[in-house]
Amino acid sequence: MSSLKEVTDANFEQEVLSSGKTVIVDFWAEWCGPCRRVGPILEQIAVENSDKIEVVKLNVDDNPQTAAKYHITSIPAMKVYQGGEVVKSVIGAKPKPALESELAAFLA
Amino acid sequence: MNQMIIIGSGPAGYTAAIYAARAGLAPLVIASSVEVGGELMNTTEVENFPGFPEGIMGPELMEKMQAQAERFDATVIYEDVTSVDLSGEVKKVTLGSGEVHEALSVIVATGSAYRKLGIEHEDRLSGYGISWCATCDGAFFRKHEIAVVGGGDSAMEEANFLTRFADKVYLIHRRDTFRASKIMQDRSKENPKIEILYNSEVSAIHGDTQLSGLTLRDTLTGEERELEVTGLFVAIGNDPRVHLFHGQLDLTVEGTIAVDGRSSKTNLEGVFAAGDVIDPTYRQAVTAAASGTVAALDAEHYLASLPEALLQQATGAVDEGSAPASGSTLDPDGELVSLSDARS
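Note that the structure is predicted; figures quoted are calculated from it, not measured.

1. Remarks on the sheet that holds strand β11 (residues 145-149) of chain B
Residues and elements named next belong to chain B.
Here is step 1 of the chain: Spatial ordering of the open sheet is given by β10-β17-β11-β12-β13, a layout of five strands whose pairing is parallel. Two strands bound the open sheet, and with one partner strand each, they are β10 (130-131) and β13 (194-197).
Here is step 2 of the chain: Judged from the five bridges that link them, β11 and strand β12 (residues 168-172) form a sheet pairing that is parallel. The residue bridging V148 from the neighbouring strand is L171, located in β12.

So, in structure tokens, the structure goes:
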């Protein structure tokens, strides 16, 4: 089981858009194999950088409104939110070093 | 040091692991961090793997292969190989974590990677309408009109799968005949949601933040037309994944790793290759599995020819990569010894 908080259509505004922190949202689904691979990597990144970022998950099947709003057409998709805006998108499962370098600006 | 390292975790890698593990070689399988199980992880129903008369889901088949390898003492780690040094008697494999693993033999089963169209905007719109994985992304195209490009079994499978979601799927193919198997072709031709566009190729991709359409060129007349689609699934084949081995392993003109005849022997002693990375032609789960078997048997034979003193160093598969940071490890009697002692 994932240790990451699940956000929903209902609380996305409050948990992500209005958050004072940098929030990385992992858009995922149960049936997506690559999502299951990248999940544990994101958990590690979340733990190792807990002072700088928060990582949450959004199940695209259960929360279609948010997935549609952010034009998710490929998962896993990881979007970085600051002050309610998407400041970075990463698409596709990547090894930890690759993800870390993509997200480097937010982990430093 | 390990007796054997297997790089890759598709049917070739896992079958090699099953054979090697049953031979008591305790292989270390480096399965990658995000592509564990290989290409079949992205497929749905596999209907042509013998022994499963009702078909089996690709991911389930791969989990079973992994379980079978682990049952016989193969160790599977979810890491990526970043470089290899295969020249000497002792092969060195470096992981993304920086760890270096050594082995007396290496089986390369790295498979192949999706081929790109090589058209402007393809990378920029990847994940924004352009996809290589229908099972991953198909559900986002409910009620959309989308396209699949390709003419092989994977293109047919994707097109059929995508009709579960999309209202219309255009199947774009360069020629007027498909290389896909007859049963897959028939399914596509009979599917009322699929429209096949023969003698067509994608010449341009359009879209600002999302894919909005394609320009298609008629391969016979050169005439161009626009096609409005919100999704494009690319299934035009794969290229062998050989970048780690450039300058060390000989390649064929097709870009696959060159092996000696029907064996798995590469140009380097103790290095074997199996599966799609050596196969430009067949590329099936079953042929990859068979190829993995060949590699395991070849490697076993090679290991048996090595001097006893060298094998002694590897027996028990003392693995410095995962050894405690103190530089110590447990010897077979359970006593803590220093690594340098264990290797002497």
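2. A closer look at the side chain of Q185 of chain B
Here is step 1 of the chain: The topology assignment puts Q185 of chain B in helix α5 (residues 182-190).
Here is step 2 of the chain: Dropping the residues within four chain positions of it, Q185 of chain B is found in contact with M156, F178 and A180 of chain B.

3. Let's talk about the interface of chain A and chain B
Here is step 1 of the chain: Taken residue by residue, the interface counts 18 residues in chain A and 18 residues in chain B.
Here is step 2 of the chain: Here chain A meets chain B over a buried area of about 1500 Å², counting both sides, of which 61% is carbon and sulfur.
Here is step 3 of the chain: Counting the surface chain A buries against chain B, the share from its top three residues, W31, R37 and T73 of chain A, is 40%.
Here is step 4 of the chain: Our count for the contact surface shared by chain A and chain B stands at zero salt bridges.
Here is step 5 of the chain: Inspection of the region where chain A meets chain B yields four residue pairs in polar contact (both at pLDDT 80 or more).
Here is step 6 of the chain: Those elements that provide at least two residues to the side of chain A that touches chain B are α2 (33-48), β5 (85-91) and α4 (96-102) of chain A.
Here is step 7 of the chain: With three residues, α2 of chain A is the largest single contributor of residues to the side of chain A that touches chain B.
Here is step 8 of the chain: Looking at side-chain class alone, the side of chain A that touches chain B contains ten nonpolar, four polar and four charged residues.

4. Re the side chain of T256 of chain B
All names here are of chain B.
Here is step 1 of the chain: As for its position among the elements, T256 is in the loop between β18 (238-240) and β19 (271-273).
Here is step 2 of the chain: With relative accessibility at 3%, the residue T256 sits in the buried group.
Here is step 3 of the chain: A distance of 2.7 Å separates a polar atom in the side chain of T256 from a polar atom in the side chain of T252.
Here is step 4 of the chain: With near-sequence residues (within four places) excluded, T256 lies in contact with P240, D250, L251, D276, V277, I278, D279 and P280.

5. Description of a negative patch on the surface
All names here are of chain A.
Here is step 1 of the chain: A contiguous patch of negative charge, built from E6, E30, D61 and D62, is present on the exposed surface.
Here is step 2 of the chain: One can find E30 in the loop between β2 (22-28) and α2.
Here is step 3 of the chain: By relative accessible area, which is 52% here, E30 ends up exposed.

6. So, unusual backbone geometry
Here is step 1 of the chain: Residue P76 of chain A is reached from I75 of chain A by a cis peptide bond, and omega for that bond is 0 degrees.
Here is step 2 of the chain: One non-glycine residue, D73 of chain B, adopts positive backbone phi at about 80 degrees.
Here is step 3 of the chain: One can find D73 of chain B in the loop between α2 (58-71) and β5 (75-77).
Here is step 4 of the chain: Of the residues examined, D73 of chain B reaches a relative accessible area of 52% and is grouped as exposed.
Here is step 5 of the chain: Within the chain, R283 of chain B stands out as a residue other than glycine whose phi angle is a positive 55 degrees.
Here is step 6 of the chain: If you trace the backbone, R283 of chain B turns up in the loop between β19 and α6 (285-304).

7. What to know about the pairing of strand β1 (residues 2-7) of chain B
Residue and element names in this part refer to chain B.
Here is step 1 of the chain: Most of β1 sits inside the fold, with six of its six residues counted as buried.
Here is step 2 of the chain: As paired strands, β1 and strand β2 (residues 28-30) are joined by three bridges and run parallel to one another. Paired with I6 across the strands is V29, a residue of β2.
Here is step 3 of the chain: Taken together, β1, helix α1 (residues 11-22) and β2 form a β-α-β motif whose crossover is right-handed.

8. Considerations on the confidence of the model for chain B
Note: predicted coordinates in regions of low pLDDT should not be interpreted at a detailed level.
Residue and element names in this part refer to chain B.
Here is step 1 of the chain: For chain B, mean pLDDT is 90; residues scoring 70 or higher make up 91% of the total.
Here is step 2 of the chain: Scored below 50 in pLDDT, residues 317-344 makes 39 contacts in the model with residues more than four places away or belonging to other chains.
Here is step 3 of the chain: Two numbers describe this predicted complex: its pTM, 0.79, and its ipTM, 0.75.

9. As for the packing of aromatic side chains
Residues and elements named next belong to chain B.
Here is step 1 of the chain: Scanning the model with the defined rule gives nine aromatic pairs over all chains in all.
Here is step 2 of the chain: Both rings, one in F178 and one in Y198, keep their centres 5.5 Å apart while their planes meet at 45 degrees; by these two values the pair is tilted. With F178 in the loop between β12 and α5 and Y198 in the loop between β13 and β14 (200-207), the pair connects residues that are 20 residues apart, well separated along the chain.
Here is step 3 of the chain: Taking relative accessible area as the criterion, Y198 reaches 32% and is therefore assigned partly exposed.

10. Points about the pattern of salt bridges
Pairing is possible between side chains that carry opposite charge, provided their charged atoms lie close to one another.
Here is step 1 of the chain: Per the stated rule, a full pass over the model turns up 19 salt bridges over all chains.
Here is step 2 of the chain: Measuring nitrogen to oxygen at the nearest pair gives 2.8 Å for the salt bridge that ties K5 of chain A to E15 of chain A. With K5 of chain A in strand β1 (residues 5-7) and E15 of chain A in helix α1 (residues 12-17), this residue pair connects regions lying ten residues apart in the sequence.
Here is step 3 of the chain: The salt bridge partner of R283 of chain B is E39 of chain B, with a shortest N-O separation of 3.6 Å.

The rules behind each value
Residues numbered from 1 in each chain as written. Chains lettered and ligands numbered in written order. Predicted model: local features only at pLDDT ≥ 70, side-chain atom pairs only at ≥ 80, totals over all residues. Heavy atoms only, no water. Pairing = 2+ DSSP bridges. Helix = DSSP H or I, 4+ residues; strand = E, 2+ residues; numbered from the N terminus. Contact = heavy atoms within 4.5 Å. Buried area = accessible area lost by both parts, 1.4 Å probe. Salt bridge = Lys/Arg side-chain N within 4 Å of Asp/Glu carboxyl O. Polar contact = N/O pair within 3.5 Å; in protein donor to acceptor, adjacent residues only side chain to side chain. Nonpolar A, V, L, I, M, F, W, Y, C, P; charged D, E, K, R; others polar. Buried < 20%, exposed > 50% of the residue type's maximum accessible area, 1.4 Å probe, protein only. Patch = residues over 30% accessible without salt bridge, like charges linked within 9 Å, V, L, I, M, F, W, Y side chains within 5 Å. Areas by Shrake-Rupley, 256 points an atom, 1.4 Å probe, with all protein chains shown as cover. Lys, Arg positive; Asp, Glu negative; His and termini not counted. Charge placed at Lys NZ, Arg CZ, Asp CG, Glu CD. Right-handed = clockwise from strand over helix to strand, strands pointing away. pLDDT = per-residue confidence, 0-100. Phe/Tyr/Trp six-rings, centres within 6.5 Å; stacked < 30°, edge-to-face > 60°.

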